[in-house]
Amino acid sequence: MSMEPEFTGRVKALNNRQFNQSGKYIIYWMFHSHRANFNHSLEYAINLSNDYKKPLLVYFPITEKYKYSNARYYKFMLDGVLEAKKSIEERGIKFIIEKSDDIKRRVIEISKNASALITDKAYLKYYRKLHSDIAKKLDIPFYEVESDVCVPVEIVSQKQEVYAFNIRKKIYDLLDSYLLKLKPREPKIKSINLDFGMEEITLNNSLKILDILNIDKSVSLSPFIGGYSQAKRYLEEFIEKKLHKYKDYRSHPELDYQSNLSPYLHFGQISPLEVVFETLSKYKRDENVDSFFNELIVWRELARNFCYYNPNYNHYEGIPDWAKKTLEEHKNDKRDYVYTLEEFENAKTHDEYWNAAQLELLKTGKMHNYMRMYWCKKIIEWTQDPKHAFDIACYLNDKYELDGRDPNGYAGISWCFGTHDRPWKERKIYGKIRYISASGLESKFDIKKYVEKIKSL
Ligand code: FAD
């Protein structure tokens, strides 16, 4: 099969098996890109289905056993999956949601009757291992397709990049070749009415599916509703009403000038490529667009580079040596306050700014970017051991942020510990890692207004 330009660099064979001509179908295991639009994995799977004349099954397994499963993010995720299912079924393709507590075993099992398996690219080690374990057990080809970055991670760089400015140039040098539109393919064989012999979940309401799942229901639902159409709504509103002030106001938590796209990007409910195309088609390129792309493309893809090449991305051990050394030298510095995980989690510190940030997280599932930096820096200051501080930040981020459990989260936390940053003036507890103070918040924006905003939620 010839490779069309929009797939160049995005498709990787995880094993060297031959296409199974006697297989009954092709499977797209929807893993990260929970969308029908601008989804390279889906379109690549349709191409295979058309070329080899095999029906396509889109498969979404759902587990109760995932360590971070909770009602908040499952509800958001299911909103998106159900919307994608509807759109994909409208194209005549069968989409099965199935409960499975052993995804590895189940994917291998359903692949026995298949011709080829396609899934979305993984950046985090747990999923990369899952994919490579599955690849070894299969007798059919297994392809990973990279649809959730502008430029594929291994094409941009073959090593961990130390600073944003290093990767910025590499990405921008390649960007034009990878910013290609992706048109929806027409599936020649309609699989929608085929029986795949699976016990599928046919409920079409995310709350009803939550009811049948035995997961942690203690984390409240978020006011954000998941799905591609919501993502598009936020994107259009951002372009129309906020983008013109983004550069100046994106770091003003008392205002609302961020795009709010991170939960949608995290679950692959919208493609970053589509966000770029939509922005450029509706807004003349200026310094605000550059500032937005710097976050959406450079920092987001730097986070993927970090998690892909640094196996300790989610551990204190993964921060740079200079940062570890300086933090260790200040480990015994006296802390004015030391809090337990429970006190942090329940927003019970002495600092009303920090508590407001934690309350924003508890109530909405999305803390403002500027407050995330302050929040994590203060966890370092108010914990006796920086290694423990790293774990607390990851735990709270992964449990409550809708966009948590994402390369951005590990890179963001690690940044607070010196990753992708440089040494600064040495001070108590922090050593040479960058410091953010309460008075800094007061001088940069109206922090009291932010506190009031959170109280009124
Ligand atoms: P916008 O300002 O509208 O930015 C657009 C997009 O650019 C975002 O959706 C995001 O995908 C990307 N982006 C923005 N800022 C960053 C950044 N600093 N690094 C990488 N990509 C960025 N982001 C997450 O997606 N998940 C997390 O779990 C997460 N945890 C963080 C923890 C800490 C301690 C810090 C300092 C940052 C963290 N971030 C995380 C990065 C950033 O705070 C969020 O991406 C941003 O606030 C999301 O809001 P938005 O979509 O409205 O952002």
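Look above for the structure.
Residues numbered from 1 in each chain as written. Predicted model: local features only at pLDDT ≥ 70, side-chain atom pairs only at ≥ 80, totals over all residues. Heavy atoms only, no water.

A.B. asks: Would you mind showing me how to read the side chain of Ser-206 here?
C.D. replies: Relative to the helices and strands, Ser-206 is located in helix α7 (residues 206–211). You can call Ser-206 buried: its relative accessible area is 8%. Within the structure, the side chain of Ser-206 is placed 2.6 Å from the side chain of Asp-79, a separation counted as a polar contact. Look past the residues within four positions of Ser-206 in its chain and what remains in contact with it is Lys-75, Leu-78, Asp-79 and Leu-82. (Helix = DSSP H or I, 4+ residues; strand = E, 2+ residues; numbered from the N terminus. Buried < 20%, exposed > 50% of the residue type's maximum accessible area, 1.4 Å probe, protein only. Polar contact = N/O pair within 3.5 Å; in protein donor to acceptor, adjacent residues only side chain to side chain. Contact = heavy atoms within 4.5 Å.)

A.B. asks: Got a minute to help me understand the packing of aromatic side chains in this structure?
C.D. replies: The geometry of an aromatic ring pair comes down to the distance between the two centres and the angle between the two planes. One pass over the full model with this rule turns up 37 aromatic pairs. With a centroid separation of 5.5 Å and 80° between ring planes, the pair formed by Tyr-246 and Phe-292 is classed as edge-to-face. Note that Tyr-246 is positioned in helix α9 (residues 246–249) and Phe-292 in helix α12 (residues 287–309), a separation of 46 residues in sequence. Given a relative accessible area of 4%, Phe-292 falls into the buried group. (Phe/Tyr/Trp six-rings, centres within 6.5 Å; stacked < 30°, edge-to-face > 60°.)

A.B. asks: Can you help me understand the side chain of Glu-254 in this one?
C.D. replies: Tracing the backbone through its elements, the reader meets Glu-254 in the loop between α9 and α10 (262–266). Although buried, Glu-254 forms no salt bridge, and the nearest oppositely charged side chain, Lys-449, lies 5.8 Å from it. At a separation of 3.0 Å, a polar atom in the side chain of Glu-254 contacts the side chain of His-252. Look past the residues within four positions of Glu-254 in its chain and what remains in contact with it is Phe-445, Asp-446, Lys-449, Tyr-450 and Lys-453. (Lys, Arg positive; Asp, Glu negative; His and termini not counted. Salt bridge = Lys/Arg side-chain N within 4 Å of Asp/Glu carboxyl O.)

A.B. asks: Hey, could you run me through the packing of helix α16 (residues 369–381) against helix α18 (residues 407–416) in this one?
C.D. replies: Between two packed helices, both the angle of their axes relative to each other and the distance between the axes serve to describe the pair. Where α16 meets α18, the closest approach of the two axes is 9 Å, and the angle between their N-to-C directions is 55°. Put simply, α16 runs oblique to α18. Taken as a pair, α16 and α18 cross one another with a handedness that is right-handed. Across from Met-373, Cys-376, Lys-377 and Ile-380 in α16, the residues of α18 making contact are Ile-413, Trp-415 and Cys-416. (Axes fitted to C-alpha atoms, helices over the stretch in contact; angles between N-to-C directions. Parallel < 35°, antiparallel > 145°, perpendicular 65-115°, else oblique. Left-handed = near helix turned anticlockwise from the far one by under 90°.)

A.B. asks: Sorry, what's going on with the pairing of strand β6 (residues 142–145) here?
C.D. replies: Side-chain direction in a regular strand flips from residue to residue, so the side chains alternate between the two faces of the sheet. The alternating pattern of β6 places Phe-142 and Glu-144 on one face and Tyr-143 and Val-145 on the opposite face, and all of these are buried. In this structure, strand β1 (residues 11–13) lies alongside β6, joined through three bridges in antiparallel fashion. Residue pairing in the sheet places Val-11 in a bridge with Val-145 of β6. Examined bridge by bridge, strand β5 (residues 114–120) and β6 share four bridges and lie parallel to one another. Paired with Ile-118 across the bridge in β6 is Tyr-143. (Pairing = 2+ DSSP bridges.)

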